[in-house]
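Working through the structure, step by step
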Number of protein chains: 2
Amino acid sequence: MNCSDAHAVLAADALLAADLRGIDSHGIARLSGYVRLWEVQRVNATPAIKVLHETPSTAVLDGDQGLGLVVAQEAMKIAIAKAENVGTGWVSVQNSNHFGIAGYHAMLALEQNMIGIAMTNASPLVAPTFSIDKMLGTNPIAVAAPAGNQPPFVADLATTTAANGKLEILQRKNQETPTGWVQDQSGQPSTDAHILKKGGALLPLGSDRDHGSHKGYALGAIVDLFSALLSGANYAPWVPPFPVYVPMPTQQPGKGIGHFLGAIRIDAFRPADAFKKDMDHWIEGFRNAKPVEGKSNVLVPGDPERLAEKERRQEGIPLHESVINDLQVLGQRFELPFE
Amino acid sequence: MNCSDAHAVLAADALLAADLRGIDSHGIARLSGYVRLWEVQRVNATPAIKVLHETPSTAVLDGDQGLGLVVAQEAMKIAIAKAENVGTGWVSVQNSNHFGIAGYHAMLALEQNMIGIAMTNASPLVAPTFSIDKMLGTNPIAVAAPAGNQPPFVADLATTTAANGKLEILQRKNQETPTGWVQDQSGQPSTDAHILKKGGALLPLGSDRDHGSHKGYALGAIVDLFSALLSGANYAPWVPPFPVYVPMPTQQPGKGIGHFLGAIRIDAFRPADAFKKDMDHWIEGFRNAKPVEGKSNVLVPGDPERLAEKERRQEGIPLHESVINDLQVLGQRFELPFE
């Protein structure tokens, strides 16, 4: 695509992190999608990323239509530098594209003894409580915090009951969803994993009003405000869709999609060693909590992904047949043999 | 209780805001609980609130065992002053007590053209996914953002499927809860609104693993990290309980309970007018979303509380008989007639 070597490495690292951590929907499987966006000139492979406005603790970044995988990492570098100077750094990004897994960007802060935060808005797939219309993306929130002897705390969650990737897995297996994941085109409950193509929608975390879907909706909205209203990106149902075959929204109130990256220097609050000692104690408390009979032990956010990474670093990353086919087509297209 | 007049006004304002906004569980109904904490010397009515450490964008505040209602407002003032200077301000608080509704503190930022954020940890009532043990509080998150012609966006949500106040309403009516709100002492599903007194627990937002309870658990954990691990307050199951009759936890890894207050100056990112114009557009988009047949129109976070406040400012605040009795007892105790 003519990315610089430096940007290609950043993008590859972010995709590889997703595959290693077991988030197959956001790894190399997405590569062909990014290439298609580049082909229709919605991704700029050689972006001139620039700061539009800043204060000691904040910045707005124009991603120049670059790969979100790259733009978000540049944004996090700025957030970390600001946190180094004044305790915290917060960067809202406009004019970007899909950034992969949020957790990867949040984790960039860990080595600096900082808490990392990453959010992004995304293609509108989610119907807020009482709505038929799809008004928000799965708008994830990631928070990574360092511990001492324990591995870091890494929460990375779509603000929906189930992420779209979970739906895709069921589609491939031709299985139904649990109740509470999706609704049909009239807003009635559905268990059809293909319902999004039939006018249906994903549901906010909580599933329905009785179970707190208004809270999942509010969380997705907060991500939209921080990512797009603070940066000047597109928001709500006007976020450009990831698949190129989906028509663009009828209006473009901003530029591209939006992200929000934050870094909090631990010792801007307390000595990092004291914090990490408490984090270890916190984590051990949860690991030792009494589990429900017949269930797994109580997990700490980040555990499943860390276990997946451990296994995949040894056993390799399994690729779905359709992904291998995609990569072979891409290999021919770019004259890079892939067997 | 010998609070200063200034502190008494701050505390009364915070309680009144809850009653006006329809959050009856967090208004004047709590007054007797605060007094009981003062009687056992867990609330200090004349606290010397002080900054323990700070950077240009951060501070740790020692609440000196004061009323959280007061301490959190002092923390928010510091956050706002820092945001004025360097774009954002973030204050983590130790050694505090129950701070009322999170939304009130977040909304203090609105008049300054800032986004306000408020979180607190709380008495352990919530069992994380797969756990029998109660390891977290209902740990709410509030975010308030100003709009232009539209009223502000105010999200204020417990990170559980249902807040404890919702359970208390059902207890008074002797009604069952919907499924997915609580579990019994062995971690099995329950609909008994009294189950917390029988060893049961509230469930994280999402209710069960299939419906994303691990996400609600992660969100509650993030609130705990920001409120207590950054400040040096007690955390996880070791947060002191609000009711004085509940035994104190077996260990005290920190001091009191913890809060986290944040202020984001809008024009540290974009001109406030441009942001507010987009906020109006965002809000109108949601209000105009097509509703599911037979349901209410699509609401924007803050709408229900604003409608309650409008009604109650005209009609007055209804008080439950038990609250009136409590206030009469308090009136006698403090020789302040209440009829």
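Conventions used here
- Every chain is numbered on its own, with residues counted from 1 as its sequence reads.
- Written order decides the labels, with chains lettered from A and ligands numbered from 1.
- Thresholds applied to this predicted model are a pLDDT of at least 70 for local features of residues and 80 or more for the giving and counting of side-chain atom pairs; totals over whole chains, interfaces and linings are not thresholded and use all residues.
- Each helix is a run of H or I in the DSSP string that is no shorter than four residues. Each strand is a run of E no shorter than two, and both are numbered from the N terminus.
- As defined in this context, the radius of gyration uses C-alpha atoms, and a globule is described by 2.2 Å times the residue total to the power 0.38.
- Counting other C-beta atoms within 10 Å of a residue's C-beta gives its exposure: the residue is buried at 20 or more, exposed at 12 or fewer, and partly exposed in between, where C-beta atoms are placed from the backbone.
- A pair of residues counts as a contact when their C-beta atoms, built from backbone coordinates, are separated by no more than 7 Å.
- In the scheme used here, Gly and all other residues not listed as nonpolar or charged are polar, with Ala, Val, Leu, Ile, Met, Phe, Trp, Tyr, Cys and Pro taken as nonpolar and Asp, Glu, Lys and Arg as charged.
- Pairing between two strands requires that DSSP report at least two bridges joining them.
- For this overlay, a least-squares fit was computed on C-alpha atoms, restricted to residues scoring pLDDT of at least 70 in both copies.
- Note on method: axes are straight lines fitted to C-alpha atoms, helices fitted across the in-contact stretch only, with angles between N-to-C directions ranging 0 to 180 degrees.
- Between 65 and 115 degrees an angle is taken as roughly perpendicular, under 35 as roughly parallel, over 145 as roughly antiparallel, and anywhere else as oblique.
- The domain boundaries here were taken from an automatic or database domain assignment.
- Per-residue confidence from the predictor is given as pLDDT, running between 0 and 100.

From N to C terminus, chain A includes nine helices and ten strands. For a compact globule of 339 residues, the expected C-alpha radius of gyration is about 20 Å, and chain A comes in at 20 Å, within 12% of that figure. Each principal axis of the C-alpha distribution contributes one length, and for chain A these read about 55 × 50 × 45 Å. Here chain A holds 339 residues, and 56% of them are scored as buried. Counted over contacts in chain A with a minimum sequence separation of 6, partners at least 24 positions apart contribute 61%.

Attention shifts here to the interface of chain B and chain A. Counting from both sides, the interface comprises 67 residues of chain B and, opposite them, 67 residues of chain A. Contributions of two or more residues to the side of chain B that touches chain A are made by β1 (50–55), β2 (58–62), β3 (88–96), β5 (141–145), β6 (153–157), α6 (213–229) and α7 (272–287) of chain B. When residues in the side of chain B that touches chain A are grouped by element, the largest group, seven residues, is from α7(B). Per-class residue counts for the side of chain B that touches chain A are 37 nonpolar, 22 polar and eight charged.

Moving on to the pairing of β3(B). All names here are of chain B. Burial within β3 is extensive, with nine of its nine residues counted as buried. Alignment of β2 against β3, held across five bridges, turns out to be parallel. Within the sheet, the bridge partner assigned to A59 lies in β3 and is V91. Of the pairings in the sheet, the one linking β3 to strand β10 (residues 257–265) comprises seven bridges and is antiparallel in character. In the sheet register, G89 faces β10, and the bridge partner there is A263.

For A:S186, the position within the fold is in the loop between β7 (182–183) and β8 (189–190). On a C-alpha basis, the gap between A:S186 and A:S131 in space is 9.1 Å, while along the polypeptide they are 55 residues apart.

What follows covers the relation of the copies chain B and chain A. Note on the copies: chain B fits chain A at an RMSD of 0.0 Å, the axial shift is 0.0 Å, and the rotation between them is 180 degrees. What the rotation and shift describe, once combined, is the action of a two-fold rotation axis. The rotation axis passes nearest to the C-alpha of B:G206 in chain B, at a distance of 2.4 Å. Comparing interface residues between copies, 100% of those in chain B also sit at the interface in chain A, which points to an isologous, same-surface contact.

Another aspect to go through is the sheet that holds strand β7 (residues 182–183) of chain B. Residues and elements named next belong to chain B. Here we have three strands laid out as an open sheet, ordered β8-β7-β9, and antiparallel in their pairing. Of all strands in the sheet, those with a lone pairing partner are β8 (189–190) and β9 (201–202), marking the two edges. Judged from the two bridges that link them, β7 and β8 form a sheet pairing that is antiparallel. Considered in β8, the bridge of V182 is made with S190.

What follows concerns the environment of B:E84. Looking at the element boundaries, B:E84 is found in helix α3 (residues 68–86). Distance in space between the C-alpha atoms of B:E84 and B:R265 is 6.7 Å, their sequence separation being 181 residues.

What follows covers the packing of helix α1 (residues 5–20) of chain B against α3(B). Residues and elements named next belong to chain B. Direction vectors running N to C along α1 and α3 enclose 100 degrees, while the axes themselves pass 8 Å from each other. What the angle tells us is that α1 and α3 run roughly perpendicular. Contact residues: α1 offers H7, L10, A11, A14 and L15, while α3 offers L69, V70 and Q73. Residues belonging to the contact of α1 with α3 are distributed by class as follows: six nonpolar, two polar and no charged.

Let us now look at the sheet that holds β2(B). Residues and elements named next belong to chain B. If you walk across this open sheet you meet the seven strands as β1-β2-β3-β10-β4-β5-β6, and the pairing is mixed. Sheet topology places β1 and β6 at the edges, where each strand pairs with a single neighbour. Looking at each pair of strands side by side, their axes are set apart by 10 degrees on average, direction ignored. By the bridge criterion, four bridges tie strand β4 (residues 114–120) to β5 in an arrangement that is antiparallel. Among the inter-strand pairings, G116 is bridged to a residue of β5, identified as A144. Along the sheet face, α6 touches β3, β4, β5 and β10 and points at about 90 degrees away from the line of β10.

All names here are of chain A. Taken as a whole, chain A is organised into domain 1 (48–159 + 211–317) and domain 2 (162–202). Summarising the inter-unit geometry, the C-alpha centres of domain 1 and domain 2 are found 24 Å apart. Split by residue class, the side of domain 1 that touches domain 2 holds five nonpolar, one polar and one charged.

A few words now on the confidence of the model for chain A. Taken over all residues, the pLDDT of chain A has a mean of 97, while the share at 70 or more is 100%. Among the scores for the predicted complex, ipTM is 0.98 and pTM is 0.98.

Residues and elements named next belong to chain A. One can find F338 in the segment after α9 (321–333). The exposure class of F338 is exposed, given the 12 C-beta atoms found within 10 Å. Spatially, the C-alpha atom of F338 lies 36 Å from that of T160, the residues being 178 residues apart in sequence. With residues up to four places along the chain from it excluded, the contact list for F338 reads L327, Q328 and G331.

Turning next to unusual backbone geometry. Residues and elements named next belong to chain B. Even without glycine at this site, N139 takes up a positive phi of about 20 degrees. Summarising the element assignment, N139 is placed in the loop between β4 and β5. Phi is positive for A236, which is not a glycine, with a value near 50 degrees. Relative to the helices and strands, A236 resides in the loop between α6 and β10. Among the residues examined, A236 registers 27 C-beta atoms within 10 Å and is labelled buried.

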